[in-house]
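A closer look at the structure
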Amino acid sequence: PGAATLLAAVSALVLGLNREAHYGLDRATAGLFLLFAALLALFIFLERRAAEPLLDLGLFKERAFAAGVLTLALVSLSQTSTFFLLPFYLQGLMGLTPTEVGVTLIFYSVVIVFLAPVGGSLSDRFGPRLLCIAGCLGTFVGVALMARLGLDSSRLGVIVPLMIMGLGWSLFASPNLSALFGSVTPDRFGAVGGMTVTTANIANAVGVSLASMLFARWLEWGGAPAAADYHEWSRAPAAYLSAFRHSWLIITGFALVALSIAAARKKPARAKAGVPEKKGD
């Protein structure tokens, strides 16, 4: 019942965001959002009474755990939203080919491949809190720089923010996971693993729909059609650029909230059994 209710709730939210992007906040869209709220409430009701819940909501009583899950959701949403919009900007406004877009985007992954192990090592040495703050800051700065892109921006102007975002994820992912495991006792490690995967996947799905909705709304307010043919964009490039910038600016707000939560996070009240707390944790 928990799995079915959660699937229905997330589906209602994603469908609501997608419909809002095409038709605005009409009755059907509002109905989907209300359905999401009702299903979410039902999911919480079912999970709190289940002998073996799909997601152990009792974990959220630990503030360090709740902060870790929330920052994970916001960072994942911010990065996914940015990546959803970026190929459209690169092809529609910069005129890059699909191959050139792929070569540009790969710099993000290259940074993660080389620096993610470093983030885990630094977390073991200095504790996860400072690394999580630095990772959230990297996401915030990267998305903020995306919001400053213009019609005459170079590929380097895109690659640098991408690499900063990759650095942010490299410094955030492993330390945040370490902090989540450090906030519970070993018998709940499995529940924590399931919670993190579920959180990231839901945030990614919502991030794509949210970015689509934001971009469509800003295009509508700018009087430009969401034309599939990129050649049509040259007729009103300023309107499309404004839609990208405003969308990324709003996404930056989510990254800023993640940074604020990470900065306010305190060390867990419980540490792993038999593992001493690290300096700086």
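As the structure is a computational prediction, the values presented were derived from the model and not from experiment. (Residues numbered from 1 in each chain as written. Predicted model: local features only at pLDDT ≥ 70, side-chain atom pairs only at ≥ 80, totals over all residues. Heavy atoms only, no water.)

1. As for the overall build of the protein
Selection rule: Working definition: helices are DSSP H or I runs of at least four residues, strands are E runs of at least two. Numbering for both runs from the N terminus. In this treatment the radius of gyration is a C-alpha quantity, and the globule benchmark scales as 2.2 Å times the residue count to the 0.38 power. Throughout, exposure labels follow a simple rule: accessible area from a 1.4 Å probe, protein chains only, divided by the maximum for the residue type, with under 20% read as buried, over 50% as exposed, and the rest as partly exposed. Contacts: residue pairs with any heavy atoms within 4.5 Å of one another. Using a 1.4 Å probe, accessible areas were evaluated by the Shrake-Rupley method; residue-level cover was limited to the displayed protein chains. When charges are counted, Lys and Arg contribute as positive and Asp and Glu as negative, whereas His and the chain ends are disregarded. Each charge is placed at NZ for Lys, CZ for Arg, CG for Asp and CD for Glu.
Of the regular secondary structure elements, the protein holds eight helices and zero strands. For the protein, the succession of helices and strands along the chain, N to C, is α-α-α-α-α-α-α-α. Against the 2.2 N^0.38 benchmark of 19 Å for 281 residues, the protein shows a C-alpha radius of gyration of 20 Å, consistent with a compact globule. Principal axes of the C-alpha set define a box for the protein whose edges measure 65 × 45 × 30 Å. For the protein, with 281 residues in total, the buried portion stands at 44%. In the protein, once contacts between residues fewer than 6 apart in sequence are set aside, the share between residues at least 24 apart is 78%. As displayed, the protein offers around 13700 Å² of accessible surface, 67% of which is attributable to carbon and sulfur atoms. A distance of 9 Å separates the average location of the 21 positive side-chain charges in the protein from that of its 15 negative side-chain charges.

2. Thoughts on the nonpolar core
In plain terms, the rule: Buried residues of nine kinds, namely Ala, Val, Leu, Ile, Met, Phe, Trp, Tyr and Cys, make up a nonpolar core once their side-chain atoms join them within 4.5 Å.
If you look at the biggest cluster of nonpolar residues, it comprises 41 residues, and the most contacted ones within it are Leu86, Tyr89, Leu90, Val158 and Trp248. Every element with two or more residues in this core is listed here: α1 (2–23), α3 (63–92), α4 (98–126), α5 (128–146), α6 (155–182), α7 (189–222) and α8 (237–264). Counting residues per element, this core draws most heavily on α7, which supplies nine residues. Excluding residues that lie within four positions of it along the chain, Val158 makes contacts with Leu86, Tyr89, Leu90, Met94, Thr104, Met146 and Leu149.

3. Quick notes on the layout of surface pockets
Rules: A pocket, in this scheme, is an open set of points on a 1 Å grid over the protein atoms alone with protein on both sides within 12 Å along at least 5 of 7 lines, while a cavity is a set where a 1.4 Å probe fits but cannot get out; residues line either one if an atom lies within 4 Å of a point. Grid points are joined across faces, edges and corners, and a volume is the space filled by probe spheres set on the points. Any residue outside Ala, Val, Leu, Ile, Met, Phe, Trp, Tyr, Cys, Pro, Asp, Glu, Lys and Arg is labelled polar, Gly included; the first ten of those are nonpolar and the last four are charged.
Considered as a void within the structure, the largest pocket measures approximately 680 Å³ in volume. Lining the largest pocket are 26 residues, with Leu40, Val69, Ala73, Thr199 and Ile202 sitting closest to its centre. Elements that contribute at least two residues to the lining of the largest pocket include exactly α1, α2 (27–49), α3 and α7. Broken down by element, the residue count for the lining of the largest pocket peaks at seven residues, all from α7. Tallied by class, residues from the lining of the largest pocket come to 24 nonpolar, two polar and no charged.

4. Some points on the confidence of the model for the protein
Keep this limit in mind: Predictor confidence is given residue by residue as pLDDT, running from a minimum of 0 to a maximum of 100.
Across the protein, the average pLDDT comes to 87, with 94% of residues at or above 70. The lowest-confidence element of the protein is α4, averaging 87 in pLDDT; the highest-confidence one is α5, averaging 94.

5. So, α2
Here is the rule: One less than the residue count of a helix, multiplied by 1.5 Å, gives the span that helix is expected to have.
A rise of 1.5 Å per residue sets the reference length of α2, with its 23 residues, at 33 Å; its end C-alpha atoms lie 33 Å apart and thus fit the reference within 8%. Considered for burial, the residues of α2 that qualify are Thr29, Leu39, Phe43 and Glu47. If you follow the buried residues of α2, they end up packed against α1.

6. Focus: the packing of aromatic side chains
As a reminder, the rule being used: Two aromatic rings, drawn from Phe, Tyr or Trp (for Trp, its six-membered ring), form a pair once their centres lie within 6.5 Å of each other, and the interplanar angle then sorts them: stacked below 30 degrees, edge-to-face above 60, tilted otherwise.
Counted under the stated rule, the structure contains 13 aromatic pairs. Each ring, one from Trp218 and one from Trp221, has its centre 4.9 Å from the other, and the planes form 90°; the classification is edge-to-face. A residue pair is termed a helical-turn pair when its members lie 3 or 4 positions apart in one helix, as Trp218 and Trp221 do in helix α7 at three residues. Centroid distance Trp233 to Tyr240: 4.3 Å. Interplanar angle 10°. Geometry classified as stacked. As far as burial versus exposure is concerned, Trp233 and Tyr240 are alike and both buried. Members of the aromatic cluster, connected to one another through ring pairs, are Tyr89, Phe215, Trp233, Tyr240, Phe244 and Trp248.

7. Here's the deal with the pattern of salt bridges
Here is the rule: Whenever a carboxyl oxygen of Asp or Glu lies within 4 Å of a side-chain nitrogen of Lys or Arg, that contact is scored as a salt bridge.
Within the structure shown, the criterion is met by three salt bridges. For the salt bridge of Asp26 with Arg19, the shortest nitrogen-to-oxygen distance reads 2.9 Å. Each of Glu20, Arg217 and Glu220 takes part in one network of salt bridges that share partners.

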